[in-house]
Amino acid sequence: MEMNEHKTVEKDELTGDKLLSGHEYDNIRELDNNLPKWWVWLFIITIIFAVVYIFVFDVIKVAPYQQEEWKKEMADAGSLAPGQSALIVNANLAALTDKSSLEAGKDIWLKQCKVCHLEGGQGLVGPNLTDNFSIHGCAYTDVVNTIIVGVPEKGMISWKTQLSDDQILKVASYVMTLKGTTPPNPKAPQGEPCK
Amino acid sequence: MENQTFYYDNKIVKNFAYATLFWGVVGMVVGLLLALQFIWPALTFGIPYTTFGRIRPIHTNAVIFAFVGNGMFTGIYYSLQRLCKARMFNDLLSKINFWGWQLIIVLAALTFAFGITTGKEYAELEWPIDLLVAVIWLVFGANMIGTIIKRRTQHIYVAIWFYIATFVTITVLHVTNSLAIPVTLFKSYPIYAGVQDALVQWWYGHNAVAFFLTTPFLGLMYYFLPKAANRPIYSYRLSIVHFWALIFLYIWAGPHHLLYSALPNWAQSLGVVFSVMLIAPSWGGMVNGLLTLRGAWDRVREDPVLKFMVVAVTAYGMSTFEGPMMSTKTVNAISHFTDWTVGHAHIGALGWNGFLTFAVLYYLIPRMFQTQLFSRKMANLHFWIGTLGIIFYAVPLYWGAITQASMWKEFTAAGFLKYPNFLETVTQLQPMYATRAIGGALYIVGIVLGIYNLILTIKAGKFMPEEAASAPALASTEAKRGSGEGIHRWLERRPVQFILVALVAILIGGLIEIVPLYLVKTNVPTIASVKPYTPLELQGRDIYVREGCYTCHSQQVRPFRSETERYGEYAKAGEYVYDHPFQWGSKRNGPDLSREGVVNGRQYKPNSWHYNHMLNPQRLNEQSIMPVYKWLITDDLDLSTTAKKIRVMQFLGVPYPAGYDKIANDELMIQARGIADDLKSQGIQVEPGKEIIAMIAYLQRLGKDVHAAGTPTATITGK
């Protein structure tokens with residue numbers, strides 16, 4: 001394929017490979033080596049992959065698109081899909097008092113609640129939970145109920161999609177222990193005084 | 001034919017080399033500051049100009065366009081003259097190229113610090129600077145093509161093919177992606193919105209990697225590696241095949257940045273398959289480089305130039321394998337939005353670009369100063385510290401990425417997210433971030449050592465500004481192909497035709513992907529409940545863009561159970577139709593925000609929370625790495641731009657009623673007073689005309705419209 005092919009073939013001294021005549025650029029020479037076989041195969045395989053992929057996904061459409069993947073994932077989760085709190089909040093529901101429940105409750109508090117009510121429950125965005133006032137009721141059952149249904153328009157979201165019933169009872173129990181504590185910089189009382 | 005004597009312009013090469021070193025240190029030190037802000041968010045210093053969202057674009061642009069850009073010009077100005085056996089076409093153009101480029105860099109750094117940004121990654125420059133970039137880039141192109149035209153060699157060498165592809169493609173990318181309508185001298189809206197803007201942006205972003213960080217450096221490799229090793233190129237045939245395959249295929253692969261997004265599925269599929277097909281063409285460059293060293297490996301052990309090159313080429317091979325893997329949906333579902341992408345980018349930037357740049361500098365500075373490198377030992381030390389730096393940088397990020405992605409996706413047996421608080425997944429990464437910062441610091445130490453070595457080299461030598469060379473003039477040649485002359489061999493002596501063929505090769509992929517997104521309506525199904533932003537929300541959105549919130553927060557919920565449970569409804573193309581520019585983001589250092597305003601949603605926070613969070617995020621959670629944004633509370637919202645912004649939006653097709661611009665500020669104030677009153681009811685005194693009010697208004701709008709549509713995929717329960 002070369003225009004000015006010489007009769008004598010010049011060879012690279014170290015490898016014995018054929019040098020291309022006329023290919024010299026600022027003393028850089030080029031060898032007449034073929035494409036490495038493995039490289040050609042690698043290229044061919046990726047091209048075959050591409051053709052098959054497009055055919056399967058976009059031509060005959062037997063492989064799932066992302067929307068179908070999601071539907072399947074949700075269906076597989078099935079009954080596990082959260083947001084179906086089965087808690088029946090009635091007057092008989094009593095706060096948990098055992099140490100491990102309260103510790104678990106505190107753990108949830110620190111991860112989810114303190115970002116509005118602050119660590120000690122003194123309140124900032126959300127109300128102070130340590131004083132003897134409450135906007136949505138003082139009883140343990142009121143707290144549980146507020147966590148489940150939330151007060152979205154005021155910023156307290158419903159937690160039933162993010163916490164299990166067990167977690168809700170534990171964190172509500174922990175909230176009950178905050179009452180009467182005296183963290184620094186408490187927010188002014190809001191709501192009605194508790195009886 | 002008689003020999004002509006001419007002189008290579010070394011002075012321009014020297015200028016670019018010095019600029020490379022200077023901006024390299026600047027860009028990387030800013031990078032280190034960013035890395036440290038992950039560990040100590042107080043290092044944003046509570047002022048706008050040093051906050052993460054503003055200096056992250058300074059870092060990325062400085063490294064890409066200032067460090068690598070000047071490095072590329074250094075190598076091209078040196079090698080092009082020698083490969084063409086000609087001085088640069090025009091000294092004045094060379095000077096304009098140099099000083100214009102430095103001016104752009106300074107303007108970029110200043111404007112980004114002041115929050116003047118388009119909010120499109122690696123294309124953040126506002127329109128006046130974009131125009132300047134275009135002019136200076138064309139000056140470079142004219143100078144290069146002029147030099148090629150008046151060359152004294154018959155054929156153009158493979159390095160020059162890559163330089164040509166670089167020039168042609170970057171021109172097309174920069175112009176297409178920067179099309180915008182100005183609002184003021186410092187603010188514009190891109191002509192594209194939402195999904196279309198995203199596709200154009202990542203077509204640009206991906207190919208900026210391809211044609212700014214890859215093709216010019218392959219060109220440099222093709223010149224400096226055989227020169228330094230004094231070995232012939234392994235295979236001319238491989239050069240041809242991998243060159244054309246690379247530039248043709250690369251341009252298609254942009255959508256791999258948008259997998260599992262609201263981009264139409266067919267476009268995502270193209271992104272996947274073209275990325276996978278890129279492995280071999282990319283490796284063609286690595287193979288041709290490494291096999292060129294056959295017979296010279298003993299010298300690699302001793303010569304720091306070759307050492308840097310071998311690691312650079314190997315890093316190139318690694319990241320061009322890793323890239324296609326990350327472009328498969330399986331891997332992307334894990335890697336996207338995590339530090340995996342950051343690690344991947346730095347293998348390329350620190351390994352491939354950084355090391356090759358230093359190989360080039362260690363090669364050409366002693367030659368231009370007619371001396372030897374001052375200390376081989378020091379260069380070897382630089383090499384080892386740099387290599388160690390790369391390892392310390394990348395490994396913890398890969399580890400952290402997999403850790404974080406697993407935490408995002410983990411459910412409890414009861415079906416709840418195990419880590420519903422996003423922050424937990426960030427706090428977990430602190431040790432990795434610390435190690436990453438050590439890696440980055442090591443790399444900088446290596447660079448400082450390298451600079452010291454080069455300064456001593458320069459002091460010991462004597463600069464040769466004009467280097468004499470001689471070659472016979474180029475005999476006029478037959479335009480037609482000679483008998484037995486291959487097509488490609490013919491093309492190599494017809495540079496204009498070469499440029500045109502390259503242009504066609506890179507246009508095909510872009511056109512096929514981008515045009516249908518405009519012409520075929522079904523690609524962006526509209527959602528009736530999606531309405532334009534109110535004037536206050538629009539102003540708030542522009543503050544969001546100004547502060548670079550997209551550098552840490554995505555607005556793109558992927559269709560995974562773990563994301564629809566965490567955030568809400570997955571992203572739909574139709575919800576972004578008024579987003580000029582799109583703000584999908586590419587990295588989650590904080591949670592996705594696209595469902596922030598959904599009152600019944602999982603992410604919802606009241607106005608007073610946003611106020612307190614901007615004022616002092618660490619008061620709400622001491623582990624938070626969110627910067628303080630207290631100036632939003634004290635600074636007045638600029639109302640003078642509202643009417644003009646509405647008019648530009650109308651021009652772009654956003655359906656505000658006619659004459660709306662005249663009442664826009666009245667409407668804005670009504671909404672602002674509502675938010676101020678709500679804050680007041682929570683004990684927070686803030687005037688309605690402050691920036692924070694607009695920002696809150698925007699955040700509270702996010703996701704509202706698409707959730708109002710009540711589509712069957714809604715996962716929000718309790719409604």
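Just so you know, these numbers come straight off a predicted model, no measurement behind them.

Conventions used here
- Residues numbered from 1 in each chain as written.
- Chains lettered and ligands numbered in written order.
- Predicted model: local features only at pLDDT ≥ 70, side-chain atom pairs only at ≥ 80, totals over all residues.
- Helix = DSSP H or I, 4+ residues; strand = E, 2+ residues; numbered from the N terminus.
- Rg over C-alpha atoms; globule rule 2.2 N^0.38 Å.
- Buried ≥ 20, exposed ≤ 12 C-beta atoms within 10 Å, placed from the backbone.
- Contact = placed C-beta atoms within 7 Å.
- Core = buried A, V, L, I, M, F, W, Y, C linked by C-beta atoms within 7 Å.
- Nonpolar A, V, L, I, M, F, W, Y, C, P; charged D, E, K, R; others polar.
- Domains from an automatic or database assignment.
- Axes fitted to C-alpha atoms, helices over the stretch in contact; angles between N-to-C directions.
- Left-handed = near helix turned anticlockwise from the far one by under 90°.
- Pairing = 2+ DSSP bridges.
- Expected span 1.5 Å × (residues − 1).
- Bend = angle between axes of the 7 residues up to and from the residue.
- pLDDT = per-residue confidence, 0-100.

1. As for the overall build of chain A
Alright, step 1. A tally of regular secondary structure across chain A gives five helices and four strands.
Alright, step 2. Listed N to C, the secondary structure of chain A is β-β-α-α-α-β-α-α-β in terms of helices and strands.
Alright, step 3. In terms of overall size, chain A is more extended than a compact globule, its C-alpha atoms giving a radius of gyration of 35 Å where 195 residues would be expected to give roughly 16 Å.
Alright, step 4. Projected onto its principal axes, the C-alpha coordinates of chain A cover approximately 110 × 45 × 35 Å.
Alright, step 5. The buried share among the 195 residues of chain A stands at 31%.
Alright, step 6. The contacts in chain A between residues at least 6 apart in sequence include a share of 60% that link residues at least 24 apart.

2. Quick notes on the overall build of chain B
Alright, step 1. Within chain B, the secondary structure is distributed over 27 helices and four strands.
Alright, step 2. Its C-alpha atoms give chain B a radius of gyration of 26 Å, within 12% of the compact-globule value 27 Å for 719 residues.
Alright, step 3. With respect to the three principal axes, the spread of C-alpha positions in chain B is 90 × 50 × 50 Å.
Alright, step 4. With 719 residues in all, chain B has 58% of them scored as buried.
Alright, step 5. Put simply, of all contacts in chain B between residues at least 6 apart along the chain, 83% involve residues at least 24 apart.

3. Examining the nonpolar core
Alright, step 1. Residues Ile160(B), Phe308(B), Met309(B), Ala312(B), Leu356(B), Ala359(B) and Tyr362(B) are the most contacted members of the largest nonpolar core, which totals 229 residues.
Alright, step 2. Each residue touching Ala359(B), except ones within four places of it in the same chain, is listed here: Phe224(B), Val305(B), Phe308(B), Met309(B) and Ala312(B).

4. Concerning the interface of chain B and chain A
Alright, step 1. With 59 residues of chain B at the contact, the number on the chain A side is 61 residues.
Alright, step 2. Of all the elements in the fold, those that place two or more residues in the side of chain B that touches chain A are α2 (52-84), α6 (194-229), α7 (236-250), α8 (265-277), α9 (279-292), α20 (561-566) and α21 (607-615) of chain B.
Alright, step 3. By residue number, the principal contributor to the side of chain B that touches chain A is α8(B), which donates seven residues.
Alright, step 4. Along the lines of polarity and charge, the residues of the side of chain B that touches chain A split into 31 nonpolar, 17 polar and 11 charged.

5. Concerning the domain arrangement of chain B
All names here are of chain B.
Alright, step 1. Split by domain assignment, chain B resolves into domain 1 (3-512) and domain 2 (535-708).
Alright, step 2. Look at where the C-alpha atoms of domain 1 and domain 2 centre, and you get two points 35 Å apart.
Alright, step 3. If you look at the interface, domain 1 gives 45 residues, while domain 2 gives 50 residues.
Alright, step 4. Breaking the side of domain 1 that touches domain 2 down by element, the ones donating at least two residues are α2, β2 (180-184), β3 (187-190), α6, α13 (339-368), α14 (376-409) and α15 (422-427).
Alright, step 5. Of the residues belonging to the side of domain 1 that touches domain 2, the class tally is 24 nonpolar, 14 polar and seven charged.

6. As for the domain arrangement of chain A
Alright, step 1. One can read the domain layout of chain A as domain 1 (37-80) and domain 2 (99-193).
Alright, step 2. Once you take the C-alpha centre of each, domain 1 of chain A and domain 2 of chain A turn out to be 47 Å apart.

7. Digging into the packing of α2(B) against α6(B)
Axes are the key here: two packed helices are described by the angle between their axes and the distance separating the axes.
All names here are of chain B.
Alright, step 1. Between α2 and α6, the least distance of the axes is 10 Å, while the angle of their chain directions is 35°. Viewed along their axes, α2 and α6 form a crossing whose handedness is left-handed. Residues Ile 64, Val 68, Met 72, Gly 75, Ile 76, Ser 79 and Leu 83 of α2 form the contact with α6, whose own contacting residues are Phe 212, Leu 213, Pro 216, Leu 220, Tyr 223 and Phe 224.
Alright, step 2. Classifying every residue of the contact of α2 with α6 by side-chain character gives 11 nonpolar, two polar and no charged.

8. Concerning unusual backbone geometry
Residues and elements named next belong to chain B.
Alright, step 1. In this structure, Pro 581 follows His 580 across a cis peptide bond, with omega equal to 0°.
Alright, step 2. Of note, Pro 581 is situated in the loop between α20 and α21.
Alright, step 3. The phi dihedral of Phe 45 is positive, around 65°, even though this residue is not glycine.
Alright, step 4. Along the chain, Phe 45 falls in the loop between α1 (10-39) and α2.

9. Comments concerning the pairing of β3(B)
Alright, step 1. Neither face of β3(B) is open: one carries Lys187(B) and Tyr189(B), the other Ser188(B) and Pro190(B), and all of them are buried.
Alright, step 2. Hairpin geometry of β2(B) and β3(B) is characterised by an intervening segment of two residues between the two adjacent antiparallel strands.

10. Regarding helix α3 (residues 99-117) of chain A
Alright, step 1. Between its terminal C-alpha atoms α3(A) stretches only 22 Å, short of the 27 Å expected from 19 residues at 1.5 Å a residue.
Alright, step 2. A maximum bend of about 50° is found in α3(A) at Leu110(A).
Alright, step 3. Taken together, the buried positions of α3(A) are Gly105(A), Ile108(A), Trp109(A), Cys113(A), Val115(A), Cys116(A) and His117(A).
Alright, step 4. As for α3(A), its buried residues are in contact with α5 (165-178) of chain A together with α21 and α22 (617-620) of chain B.

11. Regarding the environment of Thr357(B)
Residue and element names in this part refer to chain B.
Alright, step 1. Topologically, Thr 357 is positioned in helix α13.
Alright, step 2. With 283 residues separating them in the primary sequence, Thr 357 and Thr 74 have C-alpha atoms 9.0 Å apart.
Alright, step 3. In contact with Thr 357, not counting residues within four places along its chain, are Thr 20, Val 68 and Gly 71.

12. Notes on the environment of Met28(B)
All names here are of chain B.
Alright, step 1. Mapped onto the elements, Met 28 comes out in helix α1.
Alright, step 2. With 34 residues separating them along the chain, Met 28 and Ala 62 place their C-alpha atoms 8.2 Å apart.
Alright, step 3. Residues contacting Met 28, with those up to four places away along its chain left out, are Val 63, Tyr 443, Ile 444 and Ile 447.

13. Re the pairing of strand β2 (residues 28-31) of chain A
Note on strand geometry: in a regular strand, side chains alternate between the two faces of the sheet.
All names here are of chain A.
Alright, step 1. Two elements, strand β1 (residues 19-25) and β2, share three bridges in a ladder whose sense is antiparallel. Within the sheet, the bridge partner assigned to Leu 19 lies in β2 and is Leu 31.
Alright, step 2. Hairpin connection of β1 to β2: two residues between the antiparallel strands, including Asp 26 at a positive phi of 45°.

14. Observations regarding the confidence of the model for chain A
Alright, step 1. Taken as a whole, chain A shows an average pLDDT of 90; of its residues, 93% reach a score of 70 or greater.
Alright, step 2. The low-confidence segment residues 1-5 of chain A, where pLDDT is below 50, has 13 contacts with residues more than four positions distant or belonging to other chains.

15. Section: the confidence of the model for chain B
All names here are of chain B.
Alright, step 1. Residues of chain B with pLDDT of at least 70 account for 98%, and the chain-wide mean is 95.
Alright, step 2. Predicted confidence is poor over residues 711-719, with pLDDT under 50, and the contacts of this stretch with residues over four places away or in other chains come to 21 contacts.
Alright, step 3. Interface confidence for the predicted complex, expressed as ipTM, amounts to 0.93; the pTM equals 0.94.

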